[in-house]
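As a plain string of letters, each chain reads:
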Amino acid sequence: QVQLVESGGGLVQAGGSLRLSCAASGRTFSGYSMGWFRQAPGKEREFVAACNRSGGSTAYADSVKGRFTISRDNAKSTVYLQMNSLKPEDTAVYYCAGARRRGTVVDGDVYDYWGQGTQVTVSS
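Residues numbered from 1 in each chain as written. Predicted model: local features only at pLDDT ≥ 70, side-chain atom pairs only at ≥ 80, totals over all residues. Heavy atoms only, no water.

(A) Broad picture of the overall build of the chain. A count of helical and extended segments in the chain gives zero helices and eleven strands. Taken over the C-alpha trace, the chain has a radius of gyration of 13 Å; the compact-globule value for 124 residues is 14 Å, and the two agree within 12%. Projected onto its principal axes, the C-alpha positions of the chain cover 40 × 25 × 25 Å. Taken over 124 residues, the chain has a buried fraction of 44%. A sequence separation of at least 24 residues applies to 59% of the contacts in the chain between residues at least 6 apart. When the accessible surface of the chain is split by element, carbon and sulfur atoms take 44% of a total near 6,100 Å². The centroid of the 14 positive side-chain charges in the chain is displaced by 7 Å from the centroid of its 10 negative side-chain charges. (Helix = DSSP H or I, 4+ residues; strand = E, 2+ residues; numbered from the N terminus. Rg over C-alpha atoms; globule rule 2.2 N^0.38 Å. Buried < 20%, exposed > 50% of the residue type's maximum accessible area, 1.4 Å probe, protein only. Contact = heavy atoms within 4.5 Å. Areas by Shrake-Rupley, 256 points an atom, 1.4 Å probe, with all protein chains shown as cover. Lys, Arg positive; Asp, Glu negative; His and termini not counted. Charge placed at Lys NZ, Arg CZ, Asp CG, Glu CD.)

(B) Up close: empty space enclosed by the protein. Summed over all chains, the structure comprises one cavity of 30 Å³ or more. Roughly 30 Å³ of internal volume is contained in the largest cavity. Forming the boundary of the largest cavity are Val2, Leu4, Ala24, Arg27, Phe29, Tyr32, Met34 and Gly98. Its residues assigned to classes, the lining of the largest cavity shows six nonpolar, one polar and one charged. (1 Å grid on protein atoms, 1.4 Å probe; cavity = no way out; pocket = protein on both sides within 12 Å on 5 of 7 lines; lining within 4 Å. Points joined across faces, edges and corners; volume = space filled by probe spheres on them. Nonpolar A, V, L, I, M, F, W, Y, C, P; charged D, E, K, R; others polar.)

(C) Seen up close, the packing of aromatic side chains. Evaluation of the coordinates by the stated rule reveals five aromatic pairs. Measuring from ring centre to ring centre gives 5.2 Å for Phe37 and Tyr111, while their planes differ by 80°; the resulting arrangement is edge-to-face. One end of the pair, Phe37, is in strand S4 (residues 33-39); the other, Tyr111, is in the loop between strand S9 (92-99) and strand S10 (113-114), and 74 residues separate them in sequence. Assigned by exposure class, Phe37 and Tyr111 land together as buried. Aromatic rings pair up to connect Phe37, Phe47, Tyr111 and Trp114 into one cluster. Seen from the ring of Phe29, Arg72 lies directly overhead, with NZ or CZ sitting 4.4 Å from the centre. (Phe/Tyr/Trp six-rings, centres within 6.5 Å; stacked < 30°, edge-to-face > 60°. Lys NZ or Arg CZ within 6 Å of the ring centre and 35° of its normal.)

(D) Local environment of the pairing of strand S7 (residues 68-73). Side-chain alternation along S7 places Phe68, Ile70 and Arg72 on a buried face and Thr69, Ser71 and Asp73 on a face that remains uncovered. Both S7 and strand S8 (residues 78-83) contribute to a ladder of six bridges, which runs antiparallel. When the bridges of S8 are listed, Arg72 appears paired with Val79. Where S7 hands over to S8, the hairpin turn is made up of four residues, of which Ser77 adopts a positive phi near 50°. (Pairing = 2+ DSSP bridges.)

Interpretation note: all reported values are geometric properties and have no functional meaning in isolation.
Structure, rendered in structure tokens:
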């Protein structure tokens, strides 16, 4: 089992920045590919960003490319999502997830473990 706990969400004005963190406990963190997803009210969950086990390979949704950066620190068992130039449409609950897979995983159905989510609200 892997437990994932997100933090760092909050209220920010458009154009601002936030950094989300996801701390993992349980099995060896470096054995998991990690991803971030989000879900806005009334909408489907959507992929945001993913990285492979080392963090050397990343993938992003087109809507966040160039604004968000995913990274991980395997020594701290933590994955991060740096979010810059935030827009009101980025408002959502953000979830981190872990997959016992190689590579970058963009399909949410493949992930094995999920955090409880953290709310990000961007005001205009």
